[in-house]
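Notes for the structure review
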Amino acid sequence: MYSEYKSLLKTRLDEKRYYHSLCVADEAKRLALKCGVDEEKAYLAGLLHDVTKFASKDEHLQIFGDFGIILNDIEKNAEKLWHAISGAVFCEKILKIADSEIIDAIRHHTTAKANMSPLCKVLYLADFTSADRNYPDVDVMRGLVDESFEKALVYALQYTIKDLCDQKKAVHFDTLAAYNEAVTSLEGK
Ligand SMILES: [Fe+2]
Ligand SMILES: [Fe+2]
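Note that the structure is predicted; figures quoted are calculated from it, not measured. (Residues numbered from 1 in each chain as written. Chains lettered and ligands numbered in written order. Predicted model: local features only at pLDDT ≥ 70, side-chain atom pairs only at ≥ 80, totals over all residues. Heavy atoms only, no water.)

Quick notes on the packing of helix α1 (residues 3–12) against helix α3 (residues 39–48)
- At a minimum axis distance of 10 Å, the contact between α1 and α3 shows a crossing angle of 20°. Between α1 and α3, the interaxial angle falls into the category roughly parallel. Crossing of α1 over α3 shows left-handed handedness. Contact with α1, carried on its side by Y5, K6 and L9, involves Y43, L44, L47 and L48 of α3 and no other residues of that element.
- When grouped by side-chain class, the residues that make up the contact of α1 with α3 number six nonpolar, no polar and one charged. (Axes fitted to C-alpha atoms, helices over the stretch in contact; angles between N-to-C directions. Helix = DSSP H or I, 4+ residues; strand = E, 2+ residues; numbered from the N terminus. Parallel < 35°, antiparallel > 145°, perpendicular 65-115°, else oblique. Left-handed = near helix turned anticlockwise from the far one by under 90°. Contact = heavy atoms within 4.5 Å. Nonpolar A, V, L, I, M, F, W, Y, C, P; charged D, E, K, R; others polar.)

Written out as structure tokens, the structure is:
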């Protein structure tokens, strides 16, 4: 399924990142089943979420310029965040994917945000728990995601924020808003 998108991804990604995309698509579909999200939408969002991961700085600037994307100061200084912004625009404007929930999920798959849709949460978490991932806490994350999306979200956001602090890097305000919302909703339970 989605053979055209898969062929495109093979031209844009290396083998490891292509495999990651397939793994996130499968994991997003699995998580979607647990929470009533449309499985096909989740699969497609997972498949395409890193489509511009290997875009050069020039291509990023071209995409941002062509489609009127203005980065804030934190985004300007964090090139790691660029592929989520460019990926969403690429899917919407170039691949003509009309589903705004898919576009929104791709747009926020690195920072997260407050008020994430269920699909947005599914993609964000699937990127942490896909079969190819092997960071130190991956088993903890996989256990949490099977227990509660809310707990897994808090853990993933804490992990990200701590990591950025350790590296003395700025934390995007969407990430802080996502963390504050998630941790507050857990406190009430
Ligand atoms: Fe990504
Ligand atoms: Fe990813």
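Structure shown, so let's carry the discussion forward.
Thoughts on the coordination of the iron ion (ligand 1)
- Around the iron ion (ligand 1), the donor atoms from the protein are D50 (OD), H83 (NE2) and H109 (NE2), and they sit 2.1 Å away.
- Along the chain, the residues donating to the iron ion (ligand 1) fall in the pattern D-x32-H-x25-H.
- Here the iron ion (ligand 2) and the iron ion (ligand 1) are spaced 3.5 Å from one another, each receiving a donor from D50. With a gap of 59 residues between them, D50 in the loop between α3 and α4 (57–66) and H109 in the loop between α7 (100–107) and α8 (118–129) connect regions that are remote in the sequence. (Donors = N, O, S within 2.8 Å, 3.2 Å for Na, K, Ca; no water.)

Section: the coordination of the iron ion (ligand 2)
- The protein atoms that coordinate the iron ion (ligand 2) are H20 (NE2), H49 (NE2), D50 (OD) and D127 (OD), at distances of 2.2 to 2.4 Å.
- Between the four donor atoms coordinating the iron ion (ligand 2), the angles at the centre fall across 81 to 170°, so the site counts as irregular.
- Along the chain, the residues that donate to the iron ion (ligand 2) are spaced as H-x28-H-D-x76-D.
- In this structure H20 comes out as buried when scored by relative accessible area, which is 2%. (Tetrahedral: all angles 85-135°; square planar, octahedral: opposite > 155°, others 65-115°. Buried < 20%, exposed > 50% of the residue type's maximum accessible area, 1.4 Å probe, protein only.)

Comments concerning the packing of aromatic side chains
- Across all of its chains, the model carries six aromatic pairs by this definition.
- Consider the rings of Y2 and Y43, whose centres lie 6.0 Å apart with planes at 15°: the pair is stacked. Here Y43 lies in helix α3 and Y2 lies in the segment before α1, a separation of 41 residues in the sequence.
- Each ring, one from Y135 and one from Y159, has its centre 5.4 Å from the other, and the planes form 55°; the classification is tilted. Residue Y135 is found in the loop between α8 and α9 (138–147), and its partner Y159 is found in helix α10 (residues 149–166); the two are separated by 24 residues along the sequence.
- The exposure class assigned to Y159 is partly exposed, which follows from its relative accessible area of 28%.
- Three or more aromatic residues link up through ring pairs in this structure, and these residues are Y124, F128, Y135 and Y159.
- Geometry around Y43 places K29 over its ring, the cationic atom sitting 5.7 Å from the centre. (Phe/Tyr/Trp six-rings, centres within 6.5 Å; stacked < 30°, edge-to-face > 60°. Lys NZ or Arg CZ within 6 Å of the ring centre and 35° of its normal.)

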